[in-house]
Each structure stands twice: as structure tokens, then as C-alpha cells.
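The chain contents come next:
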Amino acid sequence: MLSSSVPRRALTHAPWSRATWRETVFVASGVPLQFAGWAVFALPWTLWPAADVMVILIWLALPVLGVALLAHPLAAAHRERCWAVLGVDVPPLPREEGASAWDALRDLRSPELWRLIRYHLVVGTLVGLAGLATVALWAVGLALTTVGSYAWALPADSPLSLTGHAVRVGALTAAGVALLLATPYLVHGVVRWDVGAIRSLLGPDPTKELQKRVEDLAEKRADVVDAADLERRRIERDLHDGVQQRLVSLAMNLGLARETLKDLPPEALQVIVEAHEESKEILTDLRNFIRGLHPAVLEDRGLDAALSGIAARVPVPVRLEVDVPRRASSTVEAVAYFVVSEALTNVVKHADASSVDVRVLRRGDVLHVTVADDGRGGASFDRGTGLRGLARRVNSVDGTFRITSPEGGPTILTVELPCAL
Amino acid sequence: MRIVIAEDSVLLRAGLIKLLETSGFEVAAAVGEADGLLAAVAEHRPDAAIVDVRMPPGFTDEGVRAALVLRKEFPDVSVLLLSQFVEERYAADLLATNTSGVGYLLKDRVADVSGFLDALRRVAAGGTALDPEVVSQLLLRRNSDPLERLTPREREVLALMAEGRSNAGIAAGLVVSESAVAKHINNIFAKLDLPHAEGDHRRVLAVLRFLDGDST
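As named in an unreviewed UniProt entry, chain B is DNA-binding response regulator, taken from Actinomadura logoneensis.

The name an unreviewed UniProt entry gives chain A is histidine kinase, with Actinomadura logoneensis as the organism. Its UniProt record gives chain A the following Catalytic activity (unreviewed entry) comment, quoted word for word: "ATP + protein L-histidine = ADP + protein N-phospho-L-histidine."

Put into C-alpha cells, the structure is as follows:
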């Protein structure tokens, strides 16, 4: 993951390419910074070699303080180096903005600081050693490649004399060229190593970033779920205040006509009677539909109170057991209510059952919802029984959804919902 | 008979007024929210108040709460609650102290004019009128063994008693004779171990106490 974001220059590793020199500059510029941590650490020891225990303790403590103080500025310098030389942007640590070195010191236990120290004293140092080695390789390569240019000036008895050992000089020149061709690859390797280390140790912690992202997404999802809930409540309210009232009024007027207009021709009275009956049926259907959306009593009195309303409407005997000593969040209550409501609708429409068991129990922070019927079974996601929508709604609050429904029954729907979102 | 109406839907308020006045009731006042109801009842002292459950400002159970206040402050005024949805919890609140002069019906019932007016008269006369839906919710909550001792016919009679119907009303509803109803009622009281109660509303009280009793 890290290496893929380092610019690839696989074909441009010629010793004379700009990329190679840029990388060399990067490696060379790193070396002093990479040894700075050790310099701070070692400084007291070189000035006053430890004599007794107290001094050793102080000498151990001081460098730690020094490194802690220098950790953030040094890290910033490394990131700056990445950007200035390679154009690689390593974002700063989130807490660093406006924080002074003293803040860092105060927070010696922060994992961020120790990631920095790990670079400054361990990884960075190893990279620095590798960097030094590559610089040395450049020097040796250059010296060997150009051996011919100064070998002629050497006395004939010198081991590198052009006249005395032409073959050896030729071989050394060849070795130098080979070294110069190989070194860019080593430099590149060191650069990748260093950039990777700087990203992972001196940049924001990737796990933390992910964690933050997950939290962000969870919050956004909760917002979406809440918005959908709110919308459902709005629809319920609109239907209640509008269509439902007007239908009641219509049915009442038809009822009044039916009672008072006794002397109408029988055909006309029949029309009124049919319209009256029809309007009452529509009222019942509408009421059942609205009751399934989000009843006011759910918010007002909780799941137990709300569920008796839908359970009592089912034409099949329902055993309802609700044990929810502490109320769950309103979103979770709405999902649990919806699960029972939809499941009972399915039982009535498809199961041909003679009894239904509904159980809603809170155990710890989990709400267990079970709807079991003794009907014909065979419920599946593919039969358009609304199971898919049910499962989706359960998933939206991180719940689990299980259904077993062999042909011939029974059908058992089990849903578990975490109470706290 | 003088009635006060509290209903926030203008359409339904007008409809109810028309319905009541055509049927010989006098509508003393019609208001749109709970506070107005209390004032109107204090002013007009009606025989009964018809109260919508969901009213401003909160649009939840304002009517139920107003009814509870009415029951306490004006015990001689009967209250008939109307709602788009009936909830056994609200019924339990309403019936907790006294079942006489109380009704709780679905608004849909208004469409059945004569049935609705019967219920209103019953409530105004100190009786009870519970919606069959509430009764079936109460029966559901009382998932207990004594109920299983009843025959299906006795369960029907029990439900009608809980709705607040008189023997004659039950007999008409089931198309049986009043003496048959009386026999069923005796059986029910015996099987459920209920204290024998004279008079319709004491009987309702006994039945509702039973249904509300050990509800889980």
C-alpha cells in the first residue's frame, strides 16, 4: 500500500537521470537529520562519561527529554524533505497544529510521540546508515570508473599503474561502471524504505485514520436512518391529519344519509349503503397501513404498548411476550416494531397459520425479536414477501436477521438489534 | 342532552355537530384543543364531552390527559374519547379509577351513526363504551389460563361485556335471547372467579379489572 504511492521510476534508473539525482539528494539530505536523534541521545555521554548510578540515570533521562522535544520539529523536517525533493506529500499529525514542543513533552504517553521516537532512534537510523552506504557507493563507483584518468600519472610500480597493470585498471573501470549503474537501484530502494517509514511513522496513523473514517460513516448512516424515520413519521402525521380525517367525515356523511334518507328509491339507497360500507373498509385499510408506519404510542409508551395494537388486529391467535425493562433508542424501537408488524402481515397473507408467537426481549444491550408461526413455511427472499426490505432495515442499525422456513413450516424469524447505536 | 366537542379537525368538528344536532342532541360548545375543552366544560356543564385524543400542541395523547382531568374535576360529566387509533394503555389509564361515564372508540365508529349514538347515550347515562379493538388488545395482553376455560361463545360475551354493552345489547349483537346471555354471564363470572356484580357498569369494572389484572 505504501510503496505503490511512491513515484515509480523503474525505467529511469540511469545514473545520469534527474530522478536518480533527486533521490540521491533525498537520501543524502536525510542522513544528518536521521542521526540528529542519536546525537541528542549520545551528547551527554561524550561530554561527561558516566561515573555513577545517579549520573547514568540523569544521562538516560535527559536524552529522552531532548528527543521528545525534538521529535516533532524533526518529523516536520523529514516531511518537508519529502515534499521539497520528491514532491511526496505526507500530511502532518492531526494534533500537531498549534501544539508546541512542550505540549508533546507533557504528553509523553501519547502513541504518536513514540511513533516519532521510533523513527528518530530506530528506523530512521537504519535508513541513515543505508543512506551513508549509498553515498559511499557513489564515491567508490566514481573513483573506480575514472581510475584510467589518473592511473597514467602513477609510477609504474604502483598497483594501479596504467602501464604496468592495464588489465587490472580496465577491470576496475568496468567494476566502477557496474557500480554506478547499480547504485541508483540501491538509492531507489533506500528512498522507498525511507518514504514508507516517514509515511507510517511520521504521518497520521493509518489505523487511526480508518477508525475515524468508520466513525464518520457510522454517524452519517445513523443520520440517514434517522431521516428515513422522521420521514415515516411525517407521512403518518400527514395521512392522519389529512386523508384519514376526510375519510371519516365522508363515511359519517354516508352513514347519516343511510340513516335519514329512508324514503329514497331502493336503488338509490342501495348505492348509498354500498358507498358507506366501501368507505368504512377503506378506513380500516388505511388505519392498518398507517398503524404499521410509526404509531404515536410507540414514542409515547414504548414497544410493549405499541405492539398490542398490531398483535390484536391479526385474525390468528397471537401470544405476545414483551420484556423490555429499559427502552432502546427510538430508531431501534421503530425497527423492532416494523419487524413485528411486517412479520405479522406476512403470517396473515402467506402462512395460513393457526397461532403466532411474538417475543421481544431485551437482554443486556441487545433486543431479541422472535416471530414464530405454525403455518406452511416456505418463506424466502425471492417470493416478494417483503423479507428483503425487512432484512435491509435490520441491517441499517447493525442488527442480525435470520429466518428458517422449511416447506411445511414452521417459520421462525429471529432478529437481534443492538440497543445503543 | 348537552354535549361539548373537542376536535381539532375543522371538517370532523362540523360533521359531528351536524350529526348530533340532526339526532336531537344539543351541542353547547365545540373547541379545537384541550385547554379550550376544560374551559368549555366548566362553563357549560354538559352531560358529556366528546374528545379527540390527538390534539394540539403535541399531537400525541392530549385528549387522554384532558379526559383524566375532566374525570377528576367534573365527575358528573361523561367523557367519550375518539381516536384514529385505540391503544389499550390509554384505555387502562382512563379506566384505572372508574369505568362509569367513560367511552373510548375509534373515530371510524362515527360512520355507523346509530351505533355511535347508542354508545354516546350509554356513556352520557353513566355507562361504558369500549371499542372492540381495545377489548381485543386487552384480551391479548391477558394471555392467561382462566380465559382458556371459556367457550368461544363465552369469550364473545366477555368481549361484549367489556365493551360496556347491556344484556339486551349483547343479546342483540349475538342474536340470542337475553336469558341465554344471562346464563353465559353467570358461567363466565364463575369460571373467572369474579365477584358477582349487579348493574352494568360495576360488571364492566369487574371484567376490565380482570383483563387488566395480571397482564404481562
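Once you've had a look at it, read on.
A. Structural context of the overall build of chain B. Helix and strand content of chain B: 11 helices and six strands. A buried classification covers 56% of the 216 residues belonging to chain B. Summarising the internal contacts of chain B: among those between residues at least 6 apart in sequence, 66% fall at separations of at least 24. Roughly 8500 Å² of accessible area belongs to chain B as shown, and the carbon and sulfur atoms make up 52% of that amount.

B. Seen up close, the sheet that holds strand β2 (residues 356-363) of chain A. Residues and elements named next belong to chain A. On the basis of which strands lie adjacent, the open sheet formed by five strands has the order β1-β2-β3-β5-β4 and mixed pairing. The open sheet has two free edges, formed respectively by β1 (318-323) and β4 (400-404), since each of these has just one partner strand. Strand-to-strand twist of the sheet, defined as the mean angle between neighbouring strand axes without regard to direction, takes the value 10°. Of the pairings in the sheet, the one linking β4 to strand β5 (residues 411-418) comprises five bridges and is antiparallel in character. Looking across to β5, one finds that T404 is bridged to I412.

C. Molecular detail of the UniProt feature "modified residue: 4-aspartylphosphate" (unreviewed entry) in chain B. Residues and elements named next belong to chain B. Under the local residue numbering, the UniProt record ascribes the feature "modified residue: 4-aspartylphosphate" (unreviewed entry) to D52. With respect to the helices and strands, the residue D52 is situated in strand β3 (residues 48-52). Residues within four places of D52 in sequence aside, it is in contact with A6, E7, D8, G63, L82 and K107.

D. View of the interface of chain A and chain B. With 34 residues of chain A in contact, the opposing surface of chain B contributes 34 residues. Of the roughly 3300 Å² buried between chain A and chain B on both sides combined, carbon and sulfur atoms contribute 55%. Here chain A is connected to chain B by eight salt bridges. At the boundary of chain A with chain B, the tally comes to 13 residue pairs in polar contact (both at pLDDT 80 or more). Of all the secondary structure elements, the ones that give two or more residues to the side of chain A that touches chain B are α8 (206-260), α9 (266-293), α10 (296-301), α11 (303-313) and β1 of chain A. The element contributing the most residues to the side of chain A that touches chain B is α8 of chain A, with 14 residues. For the side of chain A that touches chain B, the per-class residue count stands at 13 nonpolar, 10 polar and 11 charged.

E. Representation of the UniProt feature "transmembrane region" (unreviewed entry) in chain A. Residues and elements named next belong to chain A. Here the UniProt feature "transmembrane region" (unreviewed entry) sits at residues 25-47, 53-71, 119-145 and 165-187. Secondary structure within residues 119-145 divides into 100% helix and 0% strand; the distance between the first and last C-alpha atoms comes to 36 Å. Annotated as residues 165-187, this span is 96% helix and 0% strand, and its ends, taken at the C-alpha atoms, are 32 Å apart.

F. Region of the structure containing the sheet that holds strand β6 (residues 128-130) of chain B. Residues and elements named next belong to chain B. With parallel pairing, six strands are arranged side by side in an open sheet as β2-β1-β3-β4-β5-β6. Looking at the sheet topology across the chains shown, the edges are occupied by β2 (26-31) and β6. If you compare each strand with its neighbour and ignore which way they point, the axes differ by 20° on average. Bridging between β3 and strand β4 (residues 78-83) involves five bridges; their strand directions are parallel.

G. Spatial organisation of the pattern of salt bridges. Evaluation of the coordinates by the stated rule reveals 39 salt bridges over all chains. For the salt bridge of K280 of chain A with E277 of chain A, the shortest nitrogen-to-oxygen distance reads 3.7 Å. Of this pair, K280 of chain A and E277 of chain A both sit in helix α9, separated by three residues, roughly a single helical turn. For K280 of chain A, a relative accessible area of 17% corresponds to the buried category. Close ionic contact of R109 of chain B with D131 of chain B constitutes a salt bridge, the shortest N to O distance being 2.7 Å. Separated by 22 residues along the polypeptide, R109 of chain B in the loop between β5 (102-106) and α5 (113-124) and D131 of chain B in the loop between β6 and α6 (132-141) bring together distant segments of the chain. In this structure D131 of chain B comes out as buried when scored by relative accessible area, which is 0%. In the salt-bridge network here, residues are joined through shared partners; they are D300 and R301 of chain A together with D61, E62, R65 and D93 of chain B.

H. Structural detail: the nonpolar core. Counting residues in hydrophobic clusters, the biggest one holds 100 residues, and the most contacted among them are L37 and Y104 of chain B. Considering each element in turn, this core owes the most residues, 11 residues, to helix α12 (residues 330-351) of chain A. When residues no more than four places from it in sequence are discounted, the contact partners of L37 of chain B are V4, A6, V31, A49, V51, A66 and L70 of chain B. Judged by nonpolar contacts, the second largest core, of 34 residues, contains A48, L82, A119 and A124 of chain B.

I. Seen up close, the packing of α6 of chain B against helix α8 (residues 152-163) of chain B. All names here are of chain B. Where α6 contacts α8, the two axes come as close as 9 Å, and the packing angle between them is 120°. Regarding the angle of α6 to α8, the classification is oblique. The chirality of how α6 crosses α8 is right-handed. In contact with P132, V135 and L139 of α6, α8 contributes L158, A159, A162 and E163. For the contact of α6 with α8, the class distribution of residues is six nonpolar, no polar and one charged.

J. Expanded view of the confidence of the model for chain A. Residues and elements named next belong to chain A. Mean pLDDT over chain A stands at 84; residues scoring 70 or higher make up 88%. Element-level pLDDT for chain A is lowest in helix α1 (residues 2-5), with a mean of 44, against a maximum mean of 95 in strand β3 (residues 366-373). Note that pLDDT drops below 50 for residues 1-7; the model gives that stretch nine contacts with residues more than four away or on any other chain.

What counts, and where the lines are drawn
Residues numbered from 1 in each chain as written. Chains lettered and ligands numbered in written order. Predicted model: local features only at pLDDT ≥ 70, side-chain atom pairs only at ≥ 80, totals over all residues. Heavy atoms only, no water. UniProt positions renumbered as here; feature names shortened; annotations may be inferred. Helix = DSSP H or I, 4+ residues; strand = E, 2+ residues; numbered from the N terminus. Buried < 20%, exposed > 50% of the residue type's maximum accessible area, 1.4 Å probe, protein only. Contact = heavy atoms within 4.5 Å. Areas by Shrake-Rupley, 256 points an atom, 1.4 Å probe, with all protein chains shown as cover. Pairing = 2+ DSSP bridges. Axes fitted to C-alpha atoms, helices over the stretch in contact; angles between N-to-C directions. Buried area = accessible area lost by both parts, 1.4 Å probe. Salt bridge = Lys/Arg side-chain N within 4 Å of Asp/Glu carboxyl O. Polar contact = N/O pair within 3.5 Å; in protein donor to acceptor, adjacent residues only side chain to side chain. Nonpolar A, V, L, I, M, F, W, Y, C, P; charged D, E, K, R; others polar. Core = buried A, V, L, I, M, F, W, Y, C linked by side-chain atoms within 4.5 Å. Parallel < 35°, antiparallel > 145°, perpendicular 65-115°, else oblique. Left-handed = near helix turned anticlockwise from the far one by under 90°. pLDDT = per-residue confidence, 0-100.

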